[in-house]
Structures are given as structure tokens and as C-alpha cells.
Amino acid sequence: GNSVTQMEGPVTLSEEAFLTINCTYTATGYPSLFWYVQYPGEGLQLLLKATKADDKGSNKGFEATYRKETTSFHLEKGSVQVSDSAVYFCALKGSYIPTFGRGTSLIVHP
Amino acid sequence: DTAVSQTPKYLVTQMGNDKSIKCEQNLGHDTMYWYKQDSKKFLKIMFSYNNKELIINETVPNRFSPKSPDKAHLNLHINSLELGDSAVYFCASSQDSGTEGTEAFFGQGTRLTVV
């Protein structure tokens, strides 16, 4: 079956530091890949997505590239802000059911 | 206009009670889901409906029963609540019908506390 593995948190960074959150997946076929963000007390929101190999998704300074050869979709941001503190979920969707990773908590200090 | 709305946002109830959580989406999507999020933020799919038909029912106690009166609604009824049912329950929807690449839209969640 499909599965998503992402690095465990929490990830703790100072403001303006570089962020990487690793995500790898196992899937049959050619799924679409997503990063969602969950702020405290809220539901998940789509952050970015990529639908085929070598696509790069980007939004709000975050980027991730669909790497079929390494089955990865790592999330990066060049300079994080305190307001980026949240839980980040990597996900894939092949058929009907989105499959989520366990989530990575990001804490950014001023 | 809220795309996916759940009610109530908070629900505190005693063990053994029966409760329902309602979910509505105004996006015209044909697939709706219920997820359970535990205290470590792990999201577990519980049910998925496509055009009012159940298409997945993961390993969930039969005390949990989803009901989809129409494409825009997917309610969750829970009988004989147990302490272990305490969690945040999320409703979500997406447009599928064989189309890949479509993201899921989530409601704000219902925090259920069983005492």
C-alpha cells in the first residue's frame, strides 16, 4: 500500500535559518504529492503540491521538488519566520484516499 | 464562506454517551472523508465516501457510523463513547472521479473529550 515517511520533530530553528523537512514515499503508480500545514487549533491547509516527476511546488517561500528517482519530496525554505511555526504534513494521493505522514512540528524562535 | 464546516468545534461528554459530529462542504466535491488525529498529531483515515457511497472503511470500531444524506454532507455518529475516542476529528473533501492531483480541503476539526 501507499505510505509516507517524514522526519520526526520537533525541528527547532532561529528566525532566518534555512529549513529542510525530509519526506519519502512508497506508492504504486504515479501519485500526486502535497505538503500541508496545520497551525495550532486549525485544520490542515494545502501549502504546495506537485503532480508529476520533476515538478516543483512553491508557495510563501516554501519549495519542494517531486523526485521520482529517490521517491522524495523534501520541503525547504530559505529563511524561516516565527509565523512559520506549525506542524507540516507530507502527503500523497494516487486514487481516492490521501495518505499522510506523521507530521513534523516546526518551532521558530525570534 | 467556509468551504468545509464541522460542528461542533468542541465536544465534552461522558463515557457511554452517543454523539454526532456534522460536516458540510460547499465546494461541490464528490468525495468526503473523516480523519482522526491523536495527541501526537498522527492522522488516521476512518471513512471515505464518493458520491454518497462508502468506498473505504478502515479498521474502525463499529460504534462509529458515518452517514451521508447527500453529496455535500458526511456526518459521524459515535455510540457508547470510550475514553480512547478522545481526539480531534477532521472532515475533508476533494474532487475526484478519477482525477488525480486534487488536494483535500479540511474542516477546522472537532475536539472530542470523553470524561
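The structure presented is a predicted model; accordingly, all values stated were derived computationally and were not measured.

A.B. asks: What is the right way to read the overall build of chain A from this model?
C.D. replies: Counting secondary structure elements, chain A contains 0 helices and 12 strands. Counting from the amino terminus, helix and strand elements in chain A follow one another as β-β-β-β-β-β-β-β-β-β-β-β. Compactness check: chain A gives a C-alpha radius of gyration of 13 Å against a globular reference of 13 Å for 110 residues, within 12% of the reference. Across the 110 residues that make up chain A, the buried fraction comes to 46%. Across chain A, every contact between residues at least 6 apart in sequence was considered, and the portion connecting residues at least 24 apart equals 55%. Element-wise, carbon and sulfur atoms account for 49% of the exposed surface of chain A, whose accessible area totals about 5100 Å². Here chain A contributes 9 positively and 10 negatively charged side chains, and the mean placements of these two sets differ by 9 Å.

A.B. asks: Any chance you could explain the interface of chain A and chain B here in plain terms?
C.D. replies: Accessible area lost during the coming together of the parts is what is often quoted as the interface size. Listed by partner, the interface residues are 22 residues for chain A and 28 residues for chain B. At the junction of chain A and chain B, the tally comes to 1 salt bridge. A salt bridge links B:Glu103 to A:Lys49; the nearest nitrogen and oxygen atoms lie 3.1 Å apart. Along the contact surface separating chain A from chain B lie 6 residue pairs in polar contact (both at pLDDT 80 or more). Mapped onto the side of chain A that touches chain B, the elements with two or more residues apiece are β5 (32–38), β6 (44–50), β10 (86–93) and β11 (98–100) of chain A. For the side of chain A that touches chain B, the element with the highest residue contribution is β5(A), accounting for 4 residues. Considered class by class, the residues forming the side of chain A that touches chain B number 11 nonpolar, 7 polar and 4 charged.

A.B. asks: Looking at this structure, how should I read the state of the cysteines?
C.D. replies: In protein chemistry, a disulfide is the covalent bond that joins the sulfur atoms of two cysteines. Under the counting rule described, the total for this entry stands at 2 disulfides over all chains. Here A:Cys23 connects covalently by a disulfide to A:Cys90, the sulfurs 1.9 Å from one another. Taking the sign of the torsion about the S-S bond as the criterion, the disulfide between A:Cys23 and A:Cys90, at about -70°, is left-handed. With a gap of 67 residues between them, A:Cys23 in strand β4 (residues 23–26) and A:Cys90 in strand β10 connect regions that are remote in the sequence. A relative accessible area of 0% means that A:Cys23 is categorised as buried. Across the disulfide, B:Cys23 is cross-linked to B:Cys91 (sulfur-sulfur distance 1.8 Å). Because the torsion about its S-S bond is -75°, the bridge between B:Cys23 and B:Cys91 counts as left-handed. Note that B:Cys23 is positioned in strand β3 (residues 19–25) and B:Cys91 in strand β9 (residues 87–94), a separation of 68 residues in sequence. The residues B:Cys23 and B:Cys91 share a single accessibility class, namely buried.

A.B. asks: For this particular structure, what's the right way to read the side chain of A:Asp84?
C.D. replies: All names here are of chain A. For Asp-84, the position within the fold is in the loop between β9 (75–77) and β10. For Asp-84, a relative accessible area of 7% gives the class buried. For Asp-84, the side chain forms a polar contact with the main-chain nitrogen of Gln-81, separated by 2.8 Å. For Asp-84, the residues in contact, after removing those within four places along its chain, are Phe-62, Lys-77 and Leu-106.

Definitions and limits used
Residues numbered from 1 in each chain as written. Chains lettered and ligands numbered in written order. Predicted model: local features only at pLDDT ≥ 70, side-chain atom pairs only at ≥ 80, totals over all residues. Heavy atoms only, no water. Helix = DSSP H or I, 4+ residues; strand = E, 2+ residues; numbered from the N terminus. Rg over C-alpha atoms; globule rule 2.2 N^0.38 Å. Buried < 20%, exposed > 50% of the residue type's maximum accessible area, 1.4 Å probe, protein only. Contact = heavy atoms within 4.5 Å. Areas by Shrake-Rupley, 256 points an atom, 1.4 Å probe, with all protein chains shown as cover. Lys, Arg positive; Asp, Glu negative; His and termini not counted. Charge placed at Lys NZ, Arg CZ, Asp CG, Glu CD. Salt bridge = Lys/Arg side-chain N within 4 Å of Asp/Glu carboxyl O. Polar contact = N/O pair within 3.5 Å; in protein donor to acceptor, adjacent residues only side chain to side chain. Nonpolar A, V, L, I, M, F, W, Y, C, P; charged D, E, K, R; others polar. Disulfide = S-S within 2.5 Å.

No statement about biological role is implied by the geometric values presented.
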